[in-house]
Amino acid sequence: MAKAVDLIIFGASGDLTQRKILPSLGHLLSRDGQNVRVIGVGRSPKSPEDFRALVKQASENDQLTATAEWVHLDYADPSTFAPLKEIVAGPPTTIFYLATPAETFSEILAGLTVSGLVAKEDITRRIVVEKPLGHNLASARKLNAQLAAAFQEEQIFRIDHYLAKDTVQNVMALRFSNSLFEPVWNRTLIETILITVAEEEGIGKRAGYYDQAGAVRDIIQNHVLQLLALITMEPPTTFDAEYVRRAKRAALRAMSPIDPGMAVRGQYEGYLDEEGVDPDSRRETYAAMRVAIENWRWDGVPIFVRTGKALTRRVTEVVIKLRDAPMLRIAGRRQRGIPTLIVIRIQPDEGISIRIGAKRPGTRFEMVPAGMRLDYARLTKTALPEAYENVLSEVLAGGHSAFPGAEEIELSWEIVDPLIRAWEAEGHPETYAVGSWGPRAADDMVAAGGGGRWIVSGDEPGTL
Ligand code: BG6
């Protein structure tokens, strides 16, 4: 049996633990057979039996269920951490996972330190913090400083589960292990980059968190900017975590703070009636914006990103649109080419497709858009792992390649902070219909900004 690990989850009766952490852990352990004990921590009392029932239901793993414990404490009062200390005394690796709202991180970190549960010298203790880290640049800096005071960098795992998605990790493989793509990956040949992170669902039961956060803090500051950094960074020296972080930092540093004049926000119809939402809330559930990268590779390339809840369908995709071929004369006439699209589909139907122009079979010389596609799931016989499975597997192994570094997170806040501030000073956002693609103004912004139009593969001729 592998070495024992104690996984202490703060916020263990919450949505994230139930929907993501425990199911992924259950799956991972039934595959890899690690010896993990879960200790749930929360602010309300619970019997071990009640918690075990939750663990059983979410993880479907008997070993996790049988050994699970519950500790109830007051995050703000370090003296209440003592019972936790008694329980975790034993195994070689102890992981503290903060699956609680970011505003509780500071007090929990203080409690862990003061009670002696963690110490900087003790590298058997690891800390995992969920995104978003902080609610703006200043608070993120504070939290990073607090983490750095209590832990060494190798003990810290800042989650951005997008980095743990296989399809996101494949961006590096695509760009840097194929000589086909990298030569065109620059301002000379790329006309525009469009990123869509669309969700069909509304906010569900997460008003308590979401109505404070909004789309920019929830998705753009972390998932989208990390994805964009991987798409636009220079080749890292090696694929080791530190070199990849370095390359991403340089990319993020070249991104200008978002210009509120090149951004559109929206709120879905009915958001104000969602349970727990402030009836007068001005929070955005949709955000679209232009990101400008001022460096040698990307200067002047229009890059647009958008995200939203309650949109037409769930799709996360990066579309790279290449410039038209310089000249196409067919049957004595100059014709418009069909721009090549490289589409990286993060989810669902994970894959990569390329839309090209081809000759329609027949006696006439006529061009048609045509697609070629790599279906990512076909590269493996097993199901693609959930991102959280990869996250947990790396935390257990002590690897860092799927985690952003402290500075990347701060640089990302620097990029979005001016936009957040501008929007917080404004009135109600425009509403958009549930099931639409969001406010019209976002289409106008892309057209006016040289990005053409938003593209989602499947809706676009020739894409697959
Ligand atoms: C989370 C956000 O980080 O990512 C959620 O807090 C969002 O609002 C989720 O729904 C999307 O993740 P995925 O993996 O389903 O794209």
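The residue numbers shown here count from 1 along each chain, following its written sequence. It should be noted that, the model being predicted, local features are given only for residues of pLDDT at least 70 and side-chain atom pairs only at 80 or more, the latter also being counted only at that level, while totals for whole chains, interfaces and linings use all residues. For the side-chain quantities, the full set of heavy atoms in the structure was used; hydrogens and water were omitted.

Novice: Explain unusual backbone geometry to me, and be specific about the residues and the numbers.
Specialist: The omega angle of the peptide bond from K131 to P132 is -10°, so this bond is cis rather than trans. A run of DSSP states H or I qualifies as a helix once it reaches four residues; a run of E qualifies as a strand once it reaches two. Both are numbered from the N-terminal end. Along the chain, P132 turns up in the loop between β5 (125–129) and α6 (137–150). Note the cis peptide between Q347 and P348, where omega equals -20°. Inspection of the secondary structure puts P348 in the loop between β14 (341–347) and β15 (351–359). If you check the backbone angles, D349 has positive phi at about 50° while not being a glycine. Relative to the helices and strands, D349 is located in the loop between β14 and β15.

Novice: Report on empty space enclosed by the protein, specifying residues and quantitative values.
Specialist: A 1.4 Å probe that fits into a set of points on a 1 Å grid over the protein atoms alone but cannot get out defines a cavity; an open set with protein on both sides within 12 Å along at least five of seven lines defines a pocket, and lining residues are those with an atom within 4 Å of a point. Grid points are joined across faces, edges and corners, and a volume is the space filled by probe spheres set on the points. The final tally for this structure, using the stated rule, is one cavity of 30 Å³ or more. There is about 90 Å³ of room inside the largest cavity. What lines the largest cavity is a set of 13 residues, among which K131, D160, N222, P404 and I409 lie closest to the centre. Looking at the lining of the largest cavity element by element, the count peaks at three residues for helix α8 (residues 207–232).

Novice: Lay out the packing of helix α1 (residues 15–32) against helix α10 (residues 387–397) with the relevant residues and their values.
Specialist: For the pair α1 and α10, the least separation of the axes is 8 Å and the interaxial angle reads 65°. Judged by the twist between their axes, the crossing of α1 over α10 is right-handed. Contacts between α1 and α10 pair L16, K20, I21, S24, L25, H27, L28 and R31 from the former with Y388, E389, L392, S393 and L396 from the latter. For the contact of α1 with α10, the class distribution of residues is seven nonpolar, three polar and three charged. Orientation is described by lines fitted to C-alpha atoms, with helices fitted over the stretch in contact, and by angles between N-to-C directions that extend from 0 to 180 degrees. In this scheme, a crossing is called left-handed if the near helix is turned counterclockwise away from the far one by less than a right angle; it is called right-handed if the turn is clockwise. Any pair of residues with heavy atoms lying within 4.5 Å of one another is described as a contacting pair. Note on residue categories: nonpolar means Ala, Val, Leu, Ile, Met, Phe, Trp, Tyr, Cys or Pro, charged means Asp, Glu, Lys or Arg, and polar means any other residue, Gly included.

Novice: Before we move on, can you summarise the sheet that holds strand β6 (residues 156–158) with the specific residues and values?
Specialist: Two strands qualify as a pair provided DSSP detects at least 2 bridges between them. If you walk across this open sheet you meet the six strands as β3-β2-β1-β4-β5-β6, and the pairing is parallel. Two strands lie at the open edges of the sheet, namely β3 (69–72) and β6, each paired on one side alone. On average, each strand axis in the sheet is inclined to that of its neighbour by 20°, with strand direction left out of account. Relative to β6, β5 is paired through three bridges, and the arrangement is parallel. Bridge assignment links V128 to a residue of β6, and that residue is F157. Sitting on the sheet, α6 is in contact with β5 and β6, with an inclination near 155° to β6.

Novice: Could you give an account of the packing of aromatic side chains, naming the residues involved and the relevant values?
Specialist: A pair of aromatic rings is counted whenever rings of Phe, Tyr or Trp (Trp by its six-membered ring) have centres within 6.5 Å, and the orientation is called stacked for planes under 30 degrees apart, edge-to-face for over 60 and tilted otherwise. This structure, assessed with the given rule, holds 10 aromatic pairs. Measuring from centroid to centroid gives 5.1 Å for F51 and W70, while their planes differ by 50°, and the two rings are tilted. Here F51, found in helix α2 (residues 48–59), pairs with W70, found in strand β3; they are 19 residues apart in sequence, far enough to count as distant. Ring geometry for F176 and F239: centres 6.5 Å apart, planes at 65°, overall edge-to-face. Placement of the pair is F176 in helix α7 (residues 166–176) and F239 in the loop between α8 and α9 (241–253), with a sequence separation of 63 residues. A network of ring pairs unites the aromatic residues Y268, Y271, Y286 and Y432 as a single cluster. Each ring is checked for a lysine NZ or an arginine CZ that lies within 6 Å of its centre and within 35 degrees of its normal; such an atom marks a charge sitting over the ring. Positioned above the aromatic ring of W70 is the side chain of K46, whose terminal nitrogen or guanidinium carbon lies 5.3 Å from the ring centre.

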